Each structure stands twice: as structure tokens, then as C-alpha cells.
Amino acid sequence: MGRLLLLILLGACLLALPAEAQWRKPKAAPKKPAAVESATTAQVARLLQEGQELQDKYKESEALGKYEQALVQAPATYEALWRAAVLSVRIGARYTDETRKMAYFSAARLYASRALVVRPEGAEGNYAEALALANQATLLTARSRLLSYKEMKPYVFKAVAQRPGFAPAWQLLGRWHYRVHHYNILERVFSRIFLGGMPSGASTKAAIEALTRAHELEPARIEYAYDLARIYLNQGYQNQAVAVLQDAVELAPVTAEELEISRRCRKLLIQLNRRLVKQVHRHLRGID
């Protein structure tokens, strides 16, 4: 409960500040003595390493704690900021309670905004900002949700441009393309009238290309394969969907989330194989 209260307070502070204050670069603190600064740097480096090791073991709450400790020592540590933002999103997404979700997502926005102050062109910080916006959108009103998708565009595009080998950014870009390109008629009309127009450049083809890139970069990440297979299936590309799903079901899930995605992949693959068998039988009957 302590961390949840802190997250709620962080989110409230972010919302209470004027927009320009949220992005204003803080005044430089008095310079520390060289020995103290060296010790702090070493301690921060150790905390970052420990956080990464915990992430590799899927202990994400503990890893977030390490990054938060690093930020207490050095508030402008870029790596700690963007990693804390991403982990806040991942942890928050697991809750069913919307209050807890929003608390984590608001904290993620705060961390990501601070990362962008430190390094505006950083791929990871831009990715973290886009990721936080996308997840916050799931809890917002229709107007705010559409606005979030419009706001996240420059961040996710910059993320892949600045770091082309960053698979999570490609996945998020693919999701953005597909979601925006498939706005329903009401969402399209609302965007044109009240939001100054639809976000430009979105397409299903670009979504497939982005998710294919993510899958190629990290073929062991089952969620990339699942996202790609679903788009293939929705577009009627059954053979491509089957090929991707076959790769996915061969992966050994580690986390509860991966286990659930693996289950969905297997279910989809069974359905598709049955459908393809029926199509072959109908074709053979037609020949006879």
C-alpha cells in the first residue's frame, strides 16, 4: 500500500502542475565534492545493475525499487527514469483495479517526462512516454483516449528512428498503426471535428511491417508473434498467421503473462488448422 500511495501522490502532483512546469528543466544543484560524486556514481551504477539483474529474473517490482533508489541518489539518471517508467506500466497493467492501474500509469508518465527532460532525443525515453500514454488511454473517456493516440505518435516514431534495433518500440508502433487505421466511423468523425483531424500516416501494412520487425529482432518474445498473427488473421492472411503461430507455440513461456499468451496462440493455431483442413476438403470435393 505504501508504494501505491506514493504512486497516487506522484500522479496527482503531475496532474496539478501546469504543462510548462512539468517539462521545465530543474535548476542545477550545487556541485558535490569529487569524492562524494564518485561514490554516488558508483552506488547508482550498482543499483542499475541490480535492477537489470532482477528484471532478467522477472522480479519487476523489486527491480523498480532499485531504480527508485537510484533516483533518490541521482534524480537525473536517464536509464533509471525510463526503466522505472516501463516497469510502472507493466506492473500497473496487471491490476484489475482501475485506481491502482492509473496510479502506476501516472507515475510512468512522470518518470518518462523526466527522462525526456534529461535526454529529449533518447529512444528509450520516447518509447516510455508513448507506452505510458497508450496504457493510460485504456482508462480514459473516448475523447481523451483518442487524444492520447494522437499525442503518442511523435514519441513512438522517434523511438524507432533513434534506435532501429529496439524491438519493444517496433511492437508499440505496430499497435499504433493498426489501432489508428481501424478507428470506427464515430472515432474518425470525432477526431476530425474536435481534435483537428486524424493522426496521419497510419496503415495496416505499416502495422504488419513494424510487428514483423519486432518479431525478427526478438523472436523469443511470444507477445510479438501473437500480435503479428492476430493482424494477419484479421486481414485474412491465414497461411502467414499459421506460420507465425507455429513459431510461437514452440517457445517455452516463463511468466504468467507469457503462459496465457501461449495458450491463446495454441487455441488460435488449432482453429486455423481446422479451418484450413475444411477448406482442403471442400476443394477436393469440388474437384470430384
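Above: the structure in question.
Residues numbered from 1 in each chain as written. Predicted model: local features only at pLDDT ≥ 70, side-chain atom pairs only at ≥ 80, totals over all residues. Heavy atoms only, no water.

1. Let's talk about the overall build of the protein chain
Along the backbone of the protein chain there are 14 helices and zero strands. Walking the protein chain from its N terminus toward its C terminus, one meets helices and strands in the order α-α-α-α-α-α-α-α-α-α-α-α-α-α. Looking at the protein chain as a whole, 43% of its 288 residues are labelled buried. Within the protein chain, residue pairs in contact and separated by at least 24 positions form 63% of the contacts whose partners lie at least 6 positions apart. For the protein chain, the computed accessible surface area is about 15700 Å², with 57% contributed by carbon and sulfur atoms. (Helix = DSSP H or I, 4+ residues; strand = E, 2+ residues; numbered from the N terminus. Buried < 20%, exposed > 50% of the residue type's maximum accessible area, 1.4 Å probe, protein only. Contact = heavy atoms within 4.5 Å. Areas by Shrake-Rupley, 256 points an atom, 1.4 Å probe, with all protein chains shown as cover.)

2. Some remarks on a nonpolar patch on the surface
Together, Ile185, Leu186, Val189, Ile193 and Phe194 give the surface a local cluster of nonpolar side chains, amounting to about 550 Å² of exposed area. Summarising the element assignment, Val189 is placed in helix α10 (residues 185-194). The exposure class assigned to Val189 is partly exposed, which follows from its relative accessible area of 36%. (Patch = residues over 30% accessible without salt bridge, like charges linked within 9 Å, V, L, I, M, F, W, Y side chains within 5 Å. Salt bridge = Lys/Arg side-chain N within 4 Å of Asp/Glu carboxyl O.)

3. Looking at the environment of Gln136
Note that Gln136 resides in helix α7 (residues 123-137). Distance in space between the C-alpha atoms of Gln136 and Ala103 is 9.9 Å, their sequence separation being 33 residues. When sequence neighbours within four positions are dropped, the list of residues in contact with Gln136 reads Met102, Phe105, Ser106 and Arg109.

4. Let's talk about the environment of Ala229
Within the secondary structure, Ala229 is located in helix α12 (residues 222-234). Residue classification places Ala229 among the buried positions, given a relative accessible area of 1%. For Ala229 and Cys265, which are 36 residues apart along the polypeptide, the C-alpha to C-alpha distance reads 8.6 Å. Not counting chain neighbours up to four residues away, the residues in contact with Ala229 comprise Ala241, Val244 and Leu245.

5. Overview of the side chain of Thr204
Within the fold, Thr204 resides in helix α11 (residues 204-217). At a separation of 2.9 Å, a polar atom in the side chain of Thr204 contacts the side chain of His181. In contact with Thr204, not counting residues within four places along its chain, are Tyr178, His181, His182, Ile231 and Gln235. (Polar contact = N/O pair within 3.5 Å; in protein donor to acceptor, adjacent residues only side chain to side chain.)

6. Details of the packing of aromatic side chains
Enumeration over the complete set of coordinates arrives at six aromatic pairs. When the centroid spacing of 6.2 Å and the interplanar angle of 85° are considered together, the rings of Trp82 and Phe166 count as edge-to-face. Taken together, the residues Trp82 in helix α5 (residues 78-93) and Phe166 in the loop between α8 (142-162) and α9 (167-181) connect sequence positions 84 residues apart. Residue classification places Trp82 among the buried residues on the basis of a relative accessible area of 10%. Note on Phe157 and Trp176: the rings are 5.5 Å apart at their centroids and 90° apart in plane angle, and the pair reads as edge-to-face. In this pair, Phe157 is assigned in helix α8 and Trp176 in helix α9, connecting sequence segments 19 residues apart. (Phe/Tyr/Trp six-rings, centres within 6.5 Å; stacked < 30°, edge-to-face > 60°.)

Honestly, it's all geometry; don't read function into it.
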